[in-house]
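Chain by chain, the residues run as shown.
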Amino acid sequence: STFTESSHDHDNPTQAIIIACSDETTALTTGTKVTFRMPYAFTLTAVRASVTTAPVGSVLTVDINEAGSTILSTKIEIDANEKTSTTAATPPVIDDASLADDAQMTIDIDGVGSSTAGAGLKVTLIGNKT
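Heads up: these notes are all about the structure in this document.

The rules we used
- Residues numbered from 1 in each chain as written.
- Predicted model: local features only at pLDDT ≥ 70, side-chain atom pairs only at ≥ 80, totals over all residues.
- Heavy atoms only, no water.
- Phe/Tyr/Trp six-rings, centres within 6.5 Å; stacked < 30°, edge-to-face > 60°.
- Lys NZ or Arg CZ within 6 Å of the ring centre and 35° of its normal.
- Helix = DSSP H or I, 4+ residues; strand = E, 2+ residues; numbered from the N terminus.
- Buried < 20%, exposed > 50% of the residue type's maximum accessible area, 1.4 Å probe, protein only.
- Lys, Arg positive; Asp, Glu negative; His and termini not counted.
- Salt bridge = Lys/Arg side-chain N within 4 Å of Asp/Glu carboxyl O.
- Contact = heavy atoms within 4.5 Å.

Under the counting rule described, the total for this entry stands at one aromatic pair. One Lys or Arg, Lys129, reaches over the ring of Tyr40 and ends 4.9 Å from the middle of that ring.

What follows is the structure in C-alpha cells.
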C-alpha cells in the first residue's frame, strides 16, 4: 500500500492543541479569553471551535491572534443552535499558518449569540510541529 507523507508521517504526526477558553457554564462574553505561548513552531492545517452550550440567535465568532495580529482571514464561527464550528455555514480560513516557537497567542471572542450566549468554549489548533 502507499502512504502519503501528510497522513502517515511517523516522524511528524498531525497534532491537536486544544485550549479551554472559559469554564463550562458561564455565558461567554466578547474580548480576549486566553493568552498562551506556542510550545514550538507549528504549521496549522485546520482550526475549529466547540461549545458546551450552543449560541442562540446569531453566530458565535472566534479569532486567533499571533503577536497581536489575526491569523484568520475568515474567523471561526459556530452557527446559532450548533455546538461546533465544523458544521458552520462559513468555514474559517487560515491566513497565517506558520506559528513561531514561543509566539504569544491570544484567543478572542468577537461575537456571542444574540439571545443566548454560548458557554464552554474550546479552540483546537490542528497541524504539525515544524
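Structure shown, so let's carry the discussion forward.
To continue, consider the side chain of Asp108. With respect to the helices, strands and loops of the structure, Asp108 is situated in strand E10 (residues 104–111). Summary of buried charges: Asp108 has no salt-bridge partner, and the nearest side chain of opposite charge, Lys75, is 7.4 Å away. Not counting residues within four places of it along the chain, the set of residues in contact with Asp108 comprises Gly31, Thr32, Lys33, Thr61, Val62, Asp63 and Asn65.

It is worth spelling out the environment of Gly31 at this point. Note on placement: Gly31 falls in strand E2 (residues 31–37). Distance from Gly31 to Val62, taken between C-alpha atoms, is 9.6 Å for residues 31 residues apart in sequence. Look past the residues within four positions of Gly31 in its chain and what remains in contact with it is Ile107, Asp108 and Ile109.

Don't take any of this as a statement about function, it's just geometry.
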